[in-house]
Amino acid sequence: MRGRLGFAVACVIASAVLVSPRAGAQRAEATGQGQGGPSETVKALVERLELERYKAMIKGLTQFGDRRQGTDRNRKAVEWIEAQLKSYGCTNTERIKYDYQPPPPRDPNAPRPGAGAQGSQPATAVGGGRPRGIRTKTGVNTDPNAQPDTKVRALDSQESTPGAREEVYCTKIGTSHPEEMYIIGGHMDGIGWGEAANDDGSGTALVMEVARVLSSPDVRTERSVRFVLWNNEETGLNGSRAYVEQRQGLQGKEDPAGSGRYPEPKWLGMITHDMMLFDHGMPRADGTMGKEQRPEADVNIEFQSNSKFAAEAQGLAWAFERANEKYATDYPASVGSHMTNTDSSSFMDVAPSLSLRENERGTQIGSGWDPQWHQPTDLYTTYSDADFRLGLNAAQTTLAAVAELAGARVQK
C-alpha cells in the first residue's frame, strides 16, 4: 500500500512541476490531450520522420568511423553535425569547449561498483535493479585486428590524445517562454573499432532528425528546445558534465537585461538517447542471440529513482510513454527506474532527466543483451530495417512528447 501511495504522490508532484495550470490548459487545447486522443498537429509533425532519412543520417555518421574523442575523425564529425543542423534552419549553433585529461588507470584489484554484497544478498546492476536470466561477458574491444574490414580499421586507426574538446548544440527558441527549455541529447563519440552505428550513431541521428522537424520554418514552440550532441561520453560523461558545470548557473537569466534573450533557459527536462536499435532479447544458453528484432521489442524510458528530481523525472517518463502510445507506429515503450551510465546522469540531480534506449542499461545491456556494444560488429550493415525502425519509433516518441510539452504549432 505504501508503495502504491508513494507512486501516486510522485506522479501528482511531477505533474504540478512539469506543467503549470495555465500552460497545461493551453497545451491540452492545442494538442488534444483534453480529449485523450492524439493531436493532429503532433501527428503531422511525427509523420515528417521517415525511416530512410533516419537510416541515411546514421550512415552519414559512419563515414567518420567510430568518431572516437580526441581524434581528427571526431573533430570532422563535429563539423559535419554542425553543418547538418544549420542546413535544417537551426542556425544558432554554438559549441561547448573544455579540456579533457584522462584519469589515472583503475586499480584492477578494486571492487567494481554495482557488484552487490556477497553471500545471501542478491547482486545488483550498476544503477540499481537485479540482473536476471542468462548473462554474457561484456567489455570494450581494443584490438584493431578484430576489425576485418580494412577500410573501417584504417578510419579508426588514429589514437586519442588528451586536450581541447568541443561539442555542438543549437536551439529552437520558444515564442511565449524562451526562458524555459527541454534539452534533447545524444553522444556522437564511440569506441570499439567499429562504426559506432548504434552506440551512439543511432541516438545522434535521432536527435538530429527531431531537430530537423522542429527547426522547420513553419513550426513554432511555446518553450525552447535545445539539441545537443555530446562528446566524451565514452570516457565518463565528460562532455555533458562540462555543459552542466559551465551553464547550470546561467539558467533563466536574461542577457543582456531587457533583451528578451536567454542564453541558457531554465532546464525543464533533459532527455538523452543512447543505443536505440537492438532489442533481440536475452542471450541463449550458449551465448548466441536471436538474428531478428523480437516482435515485443520496446523503447526503454528510464529515470533514476534515487536522483534529486526523481518524482519530476518519473512524471516526465510517463508523458513520454503516453506519447509513444498515441504516436509511435510499431514498438511500445516501457518505463524503468534505474537510469545510469549515460549523459542524462550528469543532469539528474539538477533537472528532471530521462534516458531512452533499446534495453535497460544496467540490468540488460550490462548483462550482454547487445553483443555489438563497444565491438567491431557495431557497423551500419549489422542492422536490419526492423532494428532501424525501433530507433525511428524512439524518435517518434521523443518528437511527440516534446512537441506536446513545449507547445508546438504548425503555421498555416
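Residues numbered from 1 in each chain as written. Predicted model: local features only at pLDDT ≥ 70, side-chain atom pairs only at ≥ 80, totals over all residues. Heavy atoms only, no water.

> Explain the state of the cysteines here, please?
Covalent bonding between the sulfur atoms of two cysteines defines a disulfide. As enumerated under the stated definition, the model contains 1 disulfide in all. Disulfide pairing is shown between Cys-90 and Cys-170; the S-S distance is 2.1 Å. One quick way to see it: the torsion about the S-S bond of Cys-90 and Cys-170 is about 110°, and its sign makes the bridge right-handed. Here Cys-170 lies in strand E2 (residues 163–172) and Cys-90 lies in the loop between helix H5 (72–87) and strand E1 (94–100), a separation of 80 residues in the sequence. (Disulfide = S-S within 2.5 Å. Helix = DSSP H or I, 4+ residues; strand = E, 2+ residues; numbered from the N terminus.)

> Explain the sheet that holds strand E6 (residues 266–273) here, please?
Backbone-to-backbone hydrogen bonds join strands into a sheet, with any given pair of strands oriented parallel or antiparallel. Judged by pairing direction, the sheet is mixed, and its 8 strands sit side by side in the order E1-E2-E5-E3-E6-E9-E7-E8 without closing on themselves. The open sheet is flanked by E1 and strand E8 (333–336), the only strands paired with a single partner. The sheet shows a mean angle of 25° between the axes of neighbouring strands, direction not considered. Looking at chain direction, strand E3 (residues 177–187) and strand E5 (residues 223–230) are connected through 8 bridges and run parallel. In the strand pairing of E5, Tyr-182 is matched with Val-225. Along the sheet face, helix H9 (residues 310–327) touches E3, E6, strand E7 (299–302), E8 and strand E9 (353–357) and points at about 35° away from the line of E9. (Pairing = 2+ DSSP bridges. Axes fitted to C-alpha atoms, helices over the stretch in contact; angles between N-to-C directions. Contact = heavy atoms within 4.5 Å.)

> Help me out: how do you make sense of unusual backbone geometry in this one?
Glycine aside, the phi torsion of most residues is negative, and most peptide linkages are trans. Cis geometry is adopted by the peptide bond preceding Asp-200, which originates at Asp-199 and carries an omega value of 5°. Along the chain, the position of Asp-200 falls in helix H7 (residues 197–214). The phi angle at Met-275 is positive, at roughly 75°, despite the residue not being glycine. Within the secondary structure layout, Met-275 lies in the loop between E6 and E7. Despite not being glycine, His-374 shows a phi value in the positive range, around 60°. Tracing the backbone through its elements, the reader meets His-374 in the loop between E9 and helix H10 (385–406).

> Sorry if this is basic, but what is going on with the packing of aromatic side chains here?
For any pair of aromatic rings, the description consists of the separation of the ring centres together with the inter-plane angle of the planes. Evaluation of the coordinates by the stated rule reveals 9 aromatic pairs. Between the aromatic rings of Trp-230 and Phe-347, the centroid separation amounts to 5.7 Å while the plane-to-plane angle is 50°, which identifies the pairing as tilted. Of the two residues, Trp-230 is situated in strand E5 and Phe-347 in the loop between E8 and E9; the sequence distance between them amounts to 117 residues. The exposure classification of Trp-230 matches that of Phe-347, with both residues buried. Aromatic pair Tyr-380 and Phe-388: ring centres 5.1 Å apart, planes at 35°, arrangement tilted. Comparing Tyr-380 with Phe-388, the two get one shared label, buried. Counting every residue linked through ring pairs, the aromatic cluster contains Tyr-169, Trp-230, Tyr-243, Trp-267 and Phe-347. (Phe/Tyr/Trp six-rings, centres within 6.5 Å; stacked < 30°, edge-to-face > 60°. Buried < 20%, exposed > 50% of the residue type's maximum accessible area, 1.4 Å probe, protein only.)

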